[in-house]
Amino acid sequence: MSHNTSDVLQSRLDFLGLDTEARARLADAGPIIAKHLENALVAFYDKLSTVPEAASFFSGRPQMDRAKSKQIDHWQSIISGQFDDQYHKSSAHVGLVHARIGLEPRWHIGGYGLIVETLVRGLVHDLMATALAPQKGRFGRSVPRPAEAVLADADAMASTLVAVLKAVLLDVDIGVTAYFDKLSADARAADAAAQAKIEKAVTATGAVLRRVAQGDLTQRVTEPLDPAFDQIKADTNAVAESLSTIVGQLLQTSRSLKTATSEILAGANDLADRTTRQAATIEQTTAAVEQLSSAVVDNARRAVEASGTARKLAQSANEGGAVMGEATQAMSAIEASSARISNIIGMIDDIAFQTNLLALNASVEAARAGEAGKGFAVVAVEVRRLAQSAANASAEIKQLIDESAREVRNGTGLVARAAETLQDIRTGAEESASLIDTIAQANREQSASLEEVTIAVRQMDEMTQHNAALVEETNAAIEQTEGQAGELDRIVEVFRVEEEAPRAGSSGSAPLRRPAPRVVGNTALASDWEAF
């Protein structure tokens, strides 16, 4: 025996109490045990063949018979009490075989229980039969053995059984220990192999992840790993590839963002300028609209005043028309009176003519009377002269009356024309008053509309001022965004990606952009991405 095996086996023997005496008792009981061993093993394998879970470890009955033959040999070593290196090796081999084929210790221990059951029964039976066998007394007669002798044999039998049980437990202990030692060794080997595989996988993935942490996104896990780590390998490479793609897209997006923010900032600046100008224009428009509204209100007031004046003028024209009517009537009355006067003058003229004729006749008659008629002739001459003067005066008066009548007719025509003109003036004044009223109403409506326009323009002015403030805030936000885009540039610059990573401006995925306008004060235009 090797020194280590001897020490381990001896320590077990000492602990179990399998000393020289116990091993001698075991050896003495060896023939009895060997007699029942065959039956015990037959009963064991018969039982084993009925349990599918245990029978599955054997290919059939022949293999069980071979195992039984080897087990008989092993039991011979046990019952001989020779617990040496060969025994230890044989017992440990049983446990190693069980560990290799996967036979659990419960079948080993259970099998020993079945075998020991048969052995103990046979051993107790035979030893008790020997202890109770009658002995020869005097004269050759068979007499029962004394109780003390039977009890002594029972104690010896108990010691033998104890030795047998201890030997069985020792054998089970060695086999089970070998079983678990094998499992532990296999587990340690498996752990070592697994640890080596894990360390290899961790080293490979760790190297890639360290390079990724340093900004190098071109590294991949290329060395072969255990299939159990293929998913980790694939995931690590996928992470690096995804990061490379994301950083490439960030590069492109950052450039596009810088271009877009530059364009937006230029547009916002232009919008701010135009909004400011528009605010000033709206403010001027508001003042102009207010002035226009005031002027329209004044015009409406003046139109009302003009409408009142026109109505007064129409009223005056009406009154003038009435006066002209009265004047026309008066002129007609004068004309009628002139006609009557003319008639009277005609009568006077006739009377003067008749008087002149009478005076002429009187003169003729006075001449005929001679001297007596001279005085009558003088009277007749005077009457004739008066008649002639009356006729002349009548003629002059008639001429004056005719001229007066003609002037009256002319005056009547003029008065009629003046009345018509006054009527036209009245009609025009009324129409003018109506038109002026319409204009005044329109001015009032325009004034109300202009008031609404003024309010709307004021609101537009307020909204424009608000928009201007919003544009200023937007400009500040855009400038901040542009600064953040520049910061994003500096952040992403620490990464190194593959040459085929997406680049801004490359065909395929990059969107078309207009050239970014130059913006005064926009320092972000000075920096740009460097090609990876």
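Residues numbered from 1 in each chain as written. Predicted model: local features only at pLDDT ≥ 70, side-chain atom pairs only at ≥ 80, totals over all residues. Heavy atoms only, no water.

1. Description of the overall build of the chain
Thinking step 1. When helices and strands are tallied, the chain shows ten helices and two strands.
Thinking step 2. Against the compact-globule benchmark of 24 Å for 532 residues, the chain has a radius of gyration of 78 Å, which places it well outside the compact range.
Thinking step 3. Viewed in the frame of its principal axes, the chain has a C-alpha envelope of about 270 × 65 × 40 Å.
Thinking step 4. Scored against the burial criterion, the 532 residues of the chain give a buried share of 31%.
Thinking step 5. Looking at the chain alone, contacts between residues at least 24 apart form 82% of all its contacts between residues at least 6 apart.
Thinking step 6. Of the roughly 31800 Å² that the chain leaves accessible, carbon and sulfur atoms contribute 58%.
Thinking step 7. Of the side-chain charges in the chain, 52 are positive and 71 negative, and the distance between the mean point of each set is 8 Å. (Helix = DSSP H or I, 4+ residues; strand = E, 2+ residues; numbered from the N terminus. Rg over C-alpha atoms; globule rule 2.2 N^0.38 Å. Buried < 20%, exposed > 50% of the residue type's maximum accessible area, 1.4 Å probe, protein only. Contact = heavy atoms within 4.5 Å. Areas by Shrake-Rupley, 256 points an atom, 1.4 Å probe, with all protein chains shown as cover. Lys, Arg positive; Asp, Glu negative; His and termini not counted. Charge placed at Lys NZ, Arg CZ, Asp CG, Glu CD.)

2. A short note on the pattern of salt bridges
Thinking step 1. Evaluated as defined, the whole model comprises 14 salt bridges.
Thinking step 2. Across the pair glutamate 117 and arginine 121 runs a salt bridge, and its minimum N-O distance is 3.6 Å. Of this pair, glutamate 117 and arginine 121 both sit in helix H7 (residues 105-132), four residues apart, roughly one helical turn.
Thinking step 3. In this structure glutamate 117 comes out as partly exposed when scored by relative accessible area, which is 40%.
Thinking step 4. Residues glutamate 241 and arginine 220 are paired through a salt bridge, measuring 2.7 Å at the closest nitrogen-oxygen approach. A residue pair is termed long-range when its members are at least 10 positions apart, and glutamate 241 in helix H9 (residues 230-369) and arginine 220 in the loop between helix H8 (147-213) and H9 qualify at 21 residues.
Thinking step 5. Three or more residues are tied together by salt bridges with common partners; here these are Asp46, Arg61 and Asp65. (Salt bridge = Lys/Arg side-chain N within 4 Å of Asp/Glu carboxyl O.)

3. Description of helix H6 (residues 85-101)
Thinking step 1. In this model, H6 (17 residues) spans 24 Å end to end at C-alpha, consistent with the 24 Å of a helix rising 1.5 Å per residue.
Thinking step 2. Of all the residues in H6, the buried ones are Tyr87, His88, Ser91, Ala92, Gly95, His98 and Ala99. Take H6 and look down its axis: the buried residues cluster within an arc of 120°, on one side only. Pointing more than 90 degrees away from the buried face of H6 are the exposed residues Gln86, Lys89 and Arg100.
Thinking step 3. Positive backbone phi, approximately 85°, marks glycine 102, located one or two places after H6. (Expected span 1.5 Å × (residues − 1). Arc of directions from axis to C-beta.)

4. Quick look at the nonpolar core
Here is a general trend for soluble globular proteins: nonpolar side chains tend to be buried in one another's company.
Thinking step 1. In this structure, Ile33, Trp75, Phe83, Ile115, Leu119, Val168 and Leu170 are the most contacted members of the largest nonpolar core, which totals 40 residues.
Thinking step 2. Contributing elements (two or more residues each) for this core: helix H1 (3-16), helix H2 (20-28), helix H3 (30-49), helix H4 (52-55), helix H5 (61-80), H6, H7 and H8.
Thinking step 3. The greatest single-element share of this core, amounting to eleven residues, is contributed by H8.
Thinking step 4. Filtering out sequence-adjacent residues up to four positions away, isoleucine 33 remains in contact with Leu26, Ile79, Leu119, Leu123 and Val164. (Core = buried A, V, L, I, M, F, W, Y, C linked by side-chain atoms within 4.5 Å.)

5. Things to note about the confidence of the model for the chain
Detailed reading of the predicted model is not advised wherever pLDDT is low.
Thinking step 1. Across the chain, pLDDT averages 77, with 92% of residues at or above 70.
Thinking step 2. Summarising per-element confidence for the chain, the mean pLDDT is lowest in strand E2 (residues 142-143) (72) and highest in H8 (85).
Thinking step 3. Here residues 500-532 is modelled with pLDDT under 50, and outside its nearest four sequence neighbours on either side it reaches 59 contacts, counting other chains as well. (pLDDT = per-residue confidence, 0-100.)

6. Here we look at the environment of alanine 27
Thinking step 1. Position of alanine 27 among the secondary structure elements: in helix H2.
Thinking step 2. Of the residues examined, alanine 27 reaches a relative accessible area of 34% and is grouped as partly exposed.
Thinking step 3. Sequence separation between alanine 27 and serine 294 is 267 residues, and the spatial gap between their C-alpha atoms is 141 Å.
Thinking step 4. In this view, alanine 27 contacts Ile79 and Ser80; residues no more than four positions away in its chain are not counted.

7. Topic: the packing of aromatic side chains
Thinking step 1. Within this structure, the stated rule accounts for five aromatic pairs.
Thinking step 2. Seen in terms of ring centroids, phenylalanine 83 and tyrosine 87 are 5.0 Å apart; in terms of plane orientation they differ by 65°. Their pairing is edge-to-face. Tyrosine 87 matches phenylalanine 83 in its accessibility class, with the two residues each being buried.
Thinking step 3. Cluster of aromatic residues (ring-pair linked, three or more members): Phe44, Tyr45 and Phe58. (Phe/Tyr/Trp six-rings, centres within 6.5 Å; stacked < 30°, edge-to-face > 60°.)

8. Structural notes on a nonpolar patch on the surface
Thinking step 1. Taken together, the side chains of Val239, Leu243, Ile246 and Leu250 define a hydrophobic patch exposed on the protein surface, amounting to about 280 Å² of accessible area.
Thinking step 2. Inspection of the secondary structure puts leucine 243 in helix H9.
Thinking step 3. For leucine 243, a relative accessible area of 31% gives the class partly exposed. (Patch = residues over 30% accessible without salt bridge, like charges linked within 9 Å, V, L, I, M, F, W, Y side chains within 5 Å.)

9. Digging into the side chain of arginine 220
Thinking step 1. Residue arginine 220 is classed as buried on the basis of its relative accessible area, which comes to 19%.
Thinking step 2. Here the side chain of arginine 220 touches glutamate 241 through a polar contact of 2.7 Å, side chain to side chain. (Polar contact = N/O pair within 3.5 Å; in protein donor to acceptor, adjacent residues only side chain to side chain.)

10. Some thoughts on the environment of isoleucine 232
Thinking step 1. Mapped onto the secondary structure, isoleucine 232 falls in helix H9.
Thinking step 2. Separated by 27 residues in the primary sequence, isoleucine 232 and threonine 205 have C-alpha atoms spaced 8.1 Å apart.

11. Examining the packing of H3 against H7
Thinking step 1. Two numbers describe how H3 lies on H7: the axes approach to 8 Å, and their chain directions differ by 145°. Relative to H7, H3 is oriented so that their crossing is right-handed. Contacts between H3 and H7 pair Ile32, Ile33, Lys35, His36, Leu37, Asn39, Ala40, Leu41, Phe44 and Lys47 from the former with Gly111, Leu114, Ile115, Thr118, Leu119, Gly122, Leu123, Asp126 and Leu127 from the latter.
Thinking step 2. Residue composition of the contact of H3 with H7, by class: eleven nonpolar, five polar and three charged. (Axes fitted to C-alpha atoms, helices over the stretch in contact; angles between N-to-C directions. Left-handed = near helix turned anticlockwise from the far one by under 90°. Nonpolar A, V, L, I, M, F, W, Y, C, P; charged D, E, K, R; others polar.)

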